[in-house]
Amino acid sequence: MSSDKEQAIRPWQRDIYSVFKAANIQHVCHVPDGGHRGLIDLCTDDAEIGTTVLTTEEEGVGLAAGLFLGGQRSVLLMQSSGVGNCLNLFTLAENCRLPLVLLVTMRGEFAEFVPWQIPMGKRAGAALELMGFDVFRAEDSATVGDICAGAIDQAFYSSRCTAVLLSQRLIGRKNWSK
């Protein structure tokens, strides 16, 4: 991994990656996302974790279902705006009692620059709860690893849908002047 990539990885992203390794996460699906970039880089560079770049988030729900049925544990990474894209397909996991783990980088919260991100950012957690997810929220880097580990365990040991909302403050204030 290049030194530029190494510097872009935040400690809490390394914590999540360590949780993935300990929980035997074998595949990570994602759409490109700056908030997940460091974690995506860590997973992409690991020969033991397969990664799939999606064209849309709902593809990840079907892929995660297929991976689970094939004996692999996976996690779906998305941004809060992607939650709205998946609402109908989330019923697949619920009706089939398949574990599904989402890590959602939040937009529309702290110092948001793009007004289009605010409505879904304000409603993503409630939408996930309405769809039957157990929703957890990570606000600070000290607890993000433990929260992710608990969500992964709950999903795979209880055949539940879980989501961890990674707050916009955790991800960091965006610099819109660059």
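What comes next concerns the included structure.

Conventions and cut-offs
- Residues numbered from 1 in each chain as written.
- Predicted model: local features only at pLDDT ≥ 70, side-chain atom pairs only at ≥ 80, totals over all residues.
- Heavy atoms only, no water.
- Helix = DSSP H or I, 4+ residues; strand = E, 2+ residues; numbered from the N terminus.
- Expected span 1.5 Å × (residues − 1).
- Buried < 20%, exposed > 50% of the residue type's maximum accessible area, 1.4 Å probe, protein only.
- Arc of directions from axis to C-beta.
- Pairing = 2+ DSSP bridges.
- Axes fitted to C-alpha atoms, helices over the stretch in contact; angles between N-to-C directions.
- Contact = heavy atoms within 4.5 Å.
- Polar contact = N/O pair within 3.5 Å; in protein donor to acceptor, adjacent residues only side chain to side chain.
- Salt bridge = Lys/Arg side-chain N within 4 Å of Asp/Glu carboxyl O.

### Things to note about helix α2 (residues 11-22)
Thought 1: Taking 1.5 Å of rise per residue, the 12 residues of α2 would be expected to cover 16 Å, and the 17 Å separating its terminal C-alpha atoms lies within 8% of that figure.
Thought 2: Along α2, the residues that are buried comprise Trp12, Gln13, Ile16, Tyr17, Val19 and Phe20. Looking down the long axis of α2, one finds its buried residues gathered within 155° of arc, a one-sided arrangement. Away from the buried face of α2 by more than 90 degrees, exposed residues Pro11 and Ala22 are located.
Thought 3: Asn24 lies just past α2 and shows a positive phi near 60°.

### Points about the sheet that holds strand β6 (residues 161-166)
Thought 1: Strand order across the open sheet formed by six strands is β2-β1-β3-β4-β6-β5, with parallel pairing between neighbours. Of all strands in the sheet, those bounded by a partner on one side alone are β2 (50-53) and β5 (134-138). Direction aside, the axes of adjacent strands within the sheet are offset by 20° on average.
Thought 2: When β5 meets β6, the two strands line up parallel, connected through five bridges. Residue Val135 lies in a different strand from β6, and its bridge partner there is Ala163.

### What to know about unusual backbone geometry
Thought 1: For Ala111, which is not glycine, the phi dihedral falls at a positive 55°.
Thought 2: Inspection of the secondary structure puts Ala111 in the loop between β4 (100-105) and α7 (118-130).
Thought 3: Phi is positive for Ser159, close to 50°, though the residue is something other than glycine.
Thought 4: Looking at the element boundaries, Ser159 is found in the loop between α8 (144-158) and β6.

### Points about the environment of Gly60
Thought 1: Take Gly60: it is sitting in helix α4 (residues 57-69).
Thought 2: Distance in space between the C-alpha atoms of Gly60 and Trp12 is 23 Å, their sequence separation being 48 residues.
Thought 3: Beyond its immediate stretch of four places on either side in the chain, Gly60 contacts Cys29, Leu54 and Leu76.

### Overview of the side chain of His27
Thought 1: Here His27 is to be found in strand β1 (residues 25-30).
Thought 2: In this structure His27 comes out as buried when scored by relative accessible area, which is 11%.
Thought 3: Side-chain polar atoms of His27 contact the backbone oxygen of Gly50, separated by 3.5 Å.
Thought 4: Excluding anything up to four places from it in sequence, His27 contacts Ile49, Gly50, Thr51, Thr52, Leu63, Leu67, Gln72, Arg73, Ser74 and Val75.

### A word on the pattern of salt bridges
Thought 1: Per the counting criterion, the structure on display carries six salt bridges.
Thought 2: One salt bridge in this structure joins Glu109 and Arg137, with 2.7 Å as the shortest N-O distance. Of the two residues, Glu109 sits in the loop between β4 and α7 while Arg137 sits in strand β5, which places them 28 residues apart along the sequence.
Thought 3: A relative accessible area of 29% places Glu109 in the partly exposed class.

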